[in-house]
Amino acid sequence: MADFVVLGAGGWGMALAIAAHHKGHRVAIWSPFEQEVALLSQTRENARLLKGVRLPEDIHVTSDLSPASEADFVVLATPSTAVRETAVRLKAVRPKGIVVSVSKGLEAGTLLRLSEVIASELPEVRVAVLSGPSHAEEVARFLPTSLVAAAPTAETAVQVQQAFTSDELRVYTNDDLIGVELGGALKNVIAIAAGFCEGIGLGDNTKAALITRGLTEIARLGVAEGAKERTFAGLTGLGDLIVTCTSKHSRNNRFGNLVGKGTPVAEALRIVGTVEGYYATDMAHGLAQKCGVEMPILEQCYQVLYADQTVEKALKALMQRPTKNEHESCWLA
């Protein structure tokens, strides 16, 4: 039995806390917000994000970060925008266990992957990533799910795999940390675009093309950053892309749908809440420019979200691009 401290009391943090508890681990959830701690301790439910899912009574909810010092696993499940701030807080208690990043995104300004952000603040700590096609609403209800554990060393990845694997949660390992993280971050951009399609009333043909060509773009940027091409055909590439582009649980898709229907971007963000793909669009746009990588779908998403272009004009720009061979220059098509 291992000790887990989950940092972040949102839907994903709660779902992983419940999954770890179900495996038999001792679990605590940390939040920096006293009001959130008090409410969750009393009601044992996050009614907004995981309605109907009850937190087991012996999962302790706290605003005290000190238990993370001796925990075997510290699961960092905050929004991507809060990862560095949380890592700085964590540094003060000197964690001895493995820090597992389960957030998906890139850091504003630096364009670093989130494991790099954590490692920059906690250079002495082993850092791993847990990612894949996994909505909190289903993990918390023990619906069969497959994830991927990636880390700089095989030993660390296997430890995370063994800690989380259960009858309902199957965890694979992968030695491509770059690919696993970029797949998780960039699929949110394509999910927003899939929402655009639904919002303006397009069909399955359009969405299928979008997902397929979106995967090509993700892989293109990933390979340029040093990832392995094959990773993007796996759970953290194609798998995560499918679930986020098609699921009713996807906040990125829901946000894109609202924007497609004409809701102003700021209002759609207010309605949906945290939309990781909104921030990832800006970060990935900067990364693509830095690497000199062509990403037409990403570019049009950026124009809609940050330059007031209409979804209809974005679609027209994509469909009127010069024709080419689908597999020209392999992933560089």
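Above this text sits the structure in question.
Being a predicted model, the structure only gives us computed values, none of them experimental.

Visitor: Kindly report on the packing of aromatic side chains, identifying the contributing residues and their values.
Guide: Enumeration over the complete set of coordinates arrives at six aromatic pairs. Each ring, one from phenylalanine 255 and one from tyrosine 278, has its centre 6.2 Å from the other, and the planes form 75°; the classification is edge-to-face. Placement of phenylalanine 255 in helix α10 (residues 251–260) and of tyrosine 278 in helix α12 (residues 276–291) is noted, with a sequence separation of 23 residues between them. Tyrosine 278 shares its class with phenylalanine 255; the two are buried.

Visitor: Go over the layout of surface pockets with me, naming the residues and quoting the values.
Guide: What the largest pocket holds in volume is close to 1200 Å³. Lining the largest pocket are 42 residues, with Gly11, Trp12, Leu49, Arg251 and Thr274 positioned closest to its centre. Those elements that place two or more of their residues in the lining of the largest pocket are α1 (11–23), α3 (83–91), α5 (136–139), α7 (177–199), α9 (235–246), α10 and α11 (265–272). Grouping the amino acids of the lining of the largest pocket by side-chain chemistry returns 14 nonpolar, 17 polar and eleven charged. Looking at the second largest pocket, its volume works out to about 650 Å³. Residue lining of the second largest pocket: 29 residues in total, with Arg213, Ile297, Leu318, Met319 and Arg321 positioned closest to the centre. Looking at the lining of the second largest pocket, the elements that each hand over two or more residues are α7, α8 (204–224), α13 (296–306) and α14 (311–319). Residues belonging to the lining of the second largest pocket are distributed by class as follows: 18 nonpolar, four polar and seven charged.

Parameters and conventions
- Residues numbered from 1 in each chain as written.
- Predicted model: local features only at pLDDT ≥ 70, side-chain atom pairs only at ≥ 80, totals over all residues.
- Heavy atoms only, no water.
- Phe/Tyr/Trp six-rings, centres within 6.5 Å; stacked < 30°, edge-to-face > 60°.
- Helix = DSSP H or I, 4+ residues; strand = E, 2+ residues; numbered from the N terminus.
- Buried < 20%, exposed > 50% of the residue type's maximum accessible area, 1.4 Å probe, protein only.
- 1 Å grid on protein atoms, 1.4 Å probe; cavity = no way out; pocket = protein on both sides within 12 Å on 5 of 7 lines; lining within 4 Å.
- Points joined across faces, edges and corners; volume = space filled by probe spheres on them.
- Nonpolar A, V, L, I, M, F, W, Y, C, P; charged D, E, K, R; others polar.

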